[in-house]
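Here is what each chain is made of, one letter per residue.
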Amino acid sequence: MVQEFLETTWEKFLNNIKQNVGDSLYKVWFSNLNLKSYHQHTLKIEVPSKFVKDWLEKKFYQLILKSIRELIPEVKNIEFVVSNKPTLQITTKKVSTKKITAFLKEKNLTIFEVNPQTNLNPRYRFDNFVVGKSNELAYSAALGVARSPGKIHNPLFIHGPVGVGKTHLLQAIGNEVLKLHKNLKVKYVTTEEFTNEFINALKNHNIEEFKFKFRDTDVLILDDVHFLSGKTASQEELFHTFNYLYNLSKQIVFSSDRPPRLISDIEERLRSRFEGGLVIDIQPPDLETRLAILKLKSQEKGLILDDKIYELIAQKITHNIRELEGALSVVFFYYQQENQKLSLEKIEEIIKKFSKDYYRKVTPKKIIKTLAEHYEIKEEDIFKKTRTKEIVQIRHYLIYFLRELGQFSYTSIGKLLKKDHTTIIYAYEKIVEKMKNSSEISQEIELLKSKILES
Ligand code: ADP
Ligand code: MG
């Protein structure tokens, strides 16, 4: 059959399928298919993974065959062939990692982009925030602020431990404001970024520009203000920025890992500003909320597991929603690997490493060893003065894990790697940024993290 004819037919076929299954299912299962060949009544279709192949065979075979036959009546069989194109950005040598990343990539087809002006990520919204007892007050306060910025709770101060949804809510406020009040200017910034930009502005003598940037806004959202502890100059600058905006009835939103009264080394006058509006906390989610979150995240990834599996994960991971998501991704992977026959014992084993106790055992040595093994390089290669992309990336990962898992300060990481602490901050932030923008990188990190915690 003439190639050209096949290609136009293929387009038509994909369109028919899209109309049949709807946009989101289409995106999940059909957007990465390629026509491979047609020979002796058999049409071969290239698919990105075995996982997709299984699903298409199981769930969509009849539909696919029927749609093809409408266009080429003589087709008798469809065969799915797994593609062997590499899908990784960074080269990892272990096949299993490749497989995991490729698999997880499929499950995260919607890639969200952070807007460089507002720093908002459209992924964080009110409509995908699960509300339960632990966060309902914070949720309704946030929603109120988004509806009437500057009018009801000003400032809004949300605090709670790591991974309970503070950033999600703060970002949702920003996204919702832009939706409801199209003419308002919103800026989201982490306190670490605010501080760094301030220091740079001082160094480069462009403090006016810095001031304008943060004052020319209707809603200023500052995440993780506990980071200001001990940073006197930045505190002072924030104090003035706050007063300026507040006097113009502009909305200000803060988050922190603890209530204002427990932030140490902070000026009294700033603390009293933090406390001047509504201070509200988010607690770790209860079991019911954890279950609802797991189900929502599964749906987003286009895969539904047995309720028993959700229950098990929700029972084991109790404090941190980020870890809940991480565990779910890894369970998804094994679920596919083991052909969907995963025992509850196995799942228990997989998610054990996400539990809190593991963090206490992380040492620099373990991180270095795991990275070297994972990328199949020598430990000392990580410290060599080379600038190959791969090694630089691994070094950045090392910095990231030293900080995230090892809880080391920037200065002590700097000492360990014989680098200035600003270089360390830069590397750390780079990884955080990459994780925000690429689900592939964040899954890679999740995987490495579980390896480190397991080691
Ligand atoms: P924090 O800023 O408190 O450390 P995040 O807002 O970064 O936590 O949340 C960690 C992850 O958990 C994010 O991916 C976020 O989308 C998700 N998450 C947290 N709370 C909820 C919730 N109530 N519903 C849905 N997802 C949530
Ligand atoms: Mg946060």
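None of these values were measured; they are calculated from a predicted model. (Residues numbered from 1 in each chain as written. Chains lettered and ligands numbered in written order. Predicted model: local features only at pLDDT ≥ 70, side-chain atom pairs only at ≥ 80, totals over all residues. Heavy atoms only, no water.)

K.L.:
Could you clarify how one ought to interpret helix H11 (residues 287-301) in this entry?
P.N.:
Given 3.6 residues to a turn, an α-helix orients residues that are three or four positions apart in the same direction. Taking 1.5 Å of rise per residue, 15 residues should cover 21 Å, and H11 covers 21 Å from first to last C-alpha, within 8% of that figure. Among the residues making up H11, those that are buried are Thr 289, Arg 290, Leu 291, Ile 293, Leu 294, Lys 297, Ser 298 and Lys 301. (Helix = DSSP H or I, 4+ residues; strand = E, 2+ residues; numbered from the N terminus. Expected span 1.5 Å × (residues − 1). Buried < 20%, exposed > 50% of the residue type's maximum accessible area, 1.4 Å probe, protein only.)

K.L.:
It is not clear to me how the site of ligand 1 should be interpreted in this structure. Could you clarify?
P.N.:
Around ligand 1 sit 19 residues, and of these Val 130, Gly 163, Thr 167, His 168 and Arg 322 come closest. Here Gly 163 contributes a backbone N or O atom positioned 2.7 Å from an oxygen atom of ligand 1. Side-chain polar atom of Thr 167 to an oxygen atom of ligand 1: 2.8 Å apart, as the coordinates give it. In isolation ligand 1 offers 560 Å² of accessible surface; the protein chains occlude 95% of this area. Elements with a contribution of two residues or more to the shell around ligand 1: helix H6 (166-180), H11 and helix H13 (321-337). Grouping the constituent residues of the shell around ligand 1 by class yields eight nonpolar, six polar and five charged. (Near = heavy atom within 4 Å. Polar contact = N/O pair within 3.5 Å; in protein donor to acceptor, adjacent residues only side chain to side chain. Areas by Shrake-Rupley, 256 points an atom, 1.4 Å probe, with all protein chains shown as cover. Nonpolar A, V, L, I, M, F, W, Y, C, P; charged D, E, K, R; others polar.)

K.L.:
So what exactly am I meant to see when it comes to unusual backbone geometry here?
P.N.:
Glycine aside, residues mostly have negative phi, and peptide bonds are mostly found in the trans state. Going from Asn 154 to Pro 155, the amide bond is cis rather than trans, its omega being -5°. Turning to its location among the elements, Pro 155 is positioned in the loop between helix H5 (136-147) and strand S4 (156-159). A positive phi angle is found at His 205, which is not glycine, with a value near 55°. Residues other than glycine seldom take positive phi values, yet Ser 249 does so here, at roughly 60°.

K.L.:
What is the right way to read helix H15 (residues 364-375) from this model?
P.N.:
Helix length check: H15 (twelve residues) gives 17 Å between terminal C-alpha atoms against 16 Å at 1.5 Å per residue, within 8%. Taken residue by residue, H15 has Ile 367, Ile 368, Thr 370, Leu 371, Ala 372, His 374 and Tyr 375 as its buried positions.

K.L.:
Can you help me understand the nonpolar core in this one?
P.N.:
A general feature of soluble globular proteins is that nonpolar side chains tend to end up buried together. Counting residues in each nonpolar core, the largest one holds 51 residues, and the members touching the most others are Phe 30, Leu 56, Ile 64, Ile 78 and Ile 313. Among the elements that take part in this core, helix H3 (residues 50-71) stands out by supplying nine residues, more than any other. Dropping the residues within four chain positions of it, Ile 78 is found in contact with Leu 43, Ile 45, Tyr 61, Ile 64, Leu 65 and Ile 68. (Core = buried A, V, L, I, M, F, W, Y, C linked by side-chain atoms within 4.5 Å. Contact = heavy atoms within 4.5 Å.)

K.L.:
Any chance you could explain the sheet that holds strand S6 (residues 219-223) here in plain terms?
P.N.:
Backbone-to-backbone hydrogen bonds join strands into a sheet, with any given pair of strands oriented parallel or antiparallel. Read across the open sheet, the five strands follow the order S5-S6-S7-S4-S8; overall the sheet is parallel. Either end of the sheet is taken by a strand with one partner, and the two such strands are strand S5 (186-190) and strand S8 (278-281). Averaged over all pairs of adjacent strands, the angle between strand axes in this sheet comes to 15°, irrespective of strand direction. By the bridge criterion, four bridges tie S4 to strand S7 (residues 251-256) in an arrangement that is parallel. By the bridge assignment, Ile 158 is partnered in S7 with Ser 255. (Pairing = 2+ DSSP bridges. Axes fitted to C-alpha atoms, helices over the stretch in contact; angles between N-to-C directions.)

K.L.:
It is not clear to me how the sheet that holds strand S3 (residues 77-82) should be interpreted in this structure. Could you clarify?
P.N.:
Ordered by their spatial adjacency, three strands build an open sheet running S1-S2-S3, and the pairing between neighbours is mixed. Looking along the sheet, the strands with just one partner apiece sit at the ends: strand S1 (34-39) and S3. Each strand axis lies, on average, 25° off the axis of its neighbour in the sheet, ignoring direction.

K.L.:
Looking at this model, I keep getting lost on the packing of aromatic side chains. Mind explaining?
P.N.:
For any two aromatic rings, the description comes down to two numbers: the centre-to-centre distance and the angle of the planes. Applying the stated criterion to the full structure yields 16 aromatic pairs. Measuring from centroid to centroid gives 6.2 Å for Phe 157 and Phe 254, while their planes differ by 50°, and the two rings are tilted. On the criterion of sequence distance, the pair formed by Phe 157 in strand S4 and Phe 254 in strand S7 is long-range, its members being 97 residues apart. Residue classification places Phe 157 among the buried residues on the basis of a relative accessible area of 0%. (Phe/Tyr/Trp six-rings, centres within 6.5 Å; stacked < 30°, edge-to-face > 60°.)

K.L.:
Would you mind going over the pattern of salt bridges with me for this structure?
P.N.:
When the charged atoms of two side chains lie near each other, side chains of opposite charge can form a pair. Across all of its chains, the model carries 18 salt bridges by this definition. Residue Glu 348 pairs with Lys 316 through a salt bridge whose shortest N-O separation is 3.1 Å. Note that Glu 348 is positioned in helix H14 (residues 344-352) and Lys 316 in helix H12 (residues 307-316), a separation of 32 residues in sequence. Judged by relative accessible area, Glu 348 falls into the partly exposed class, the value being 33%. Note that Lys 436 is salt-bridged to Glu 433, the shortest N-O span being 3.9 Å. Of this pair, Lys 436 and Glu 433 both sit in helix H18 (residues 421-437), separated by three residues, roughly a single helical turn. (Salt bridge = Lys/Arg side-chain N within 4 Å of Asp/Glu carboxyl O.)

K.L.:
Any chance you could explain the environment of Arg 147 here in plain terms?
P.N.:
Mapping Arg 147 onto the fold places it in helix H5. Excluding anything up to four places from it in sequence, Arg 147 contacts Leu 180 and His 181.

K.L.:
Is there a simple way to think about the pairing of S5 in this case?
P.N.:
Along any regular strand, the residues point their side chains to alternate faces of the sheet. Among the five residues that make up S5, five are buried, leaving the element largely enclosed by the rest of the structure. The alternating pattern of S5 places Val 186, Tyr 188 and Thr 190 on one face and Lys 187 and Val 189 on the opposite face, and all of these are buried. In this sheet, S6 lies alongside S5 in parallel orientation, the contact comprising five bridges. The residue bridging Tyr 188 from the neighbouring strand is Ile 221, located in S6.

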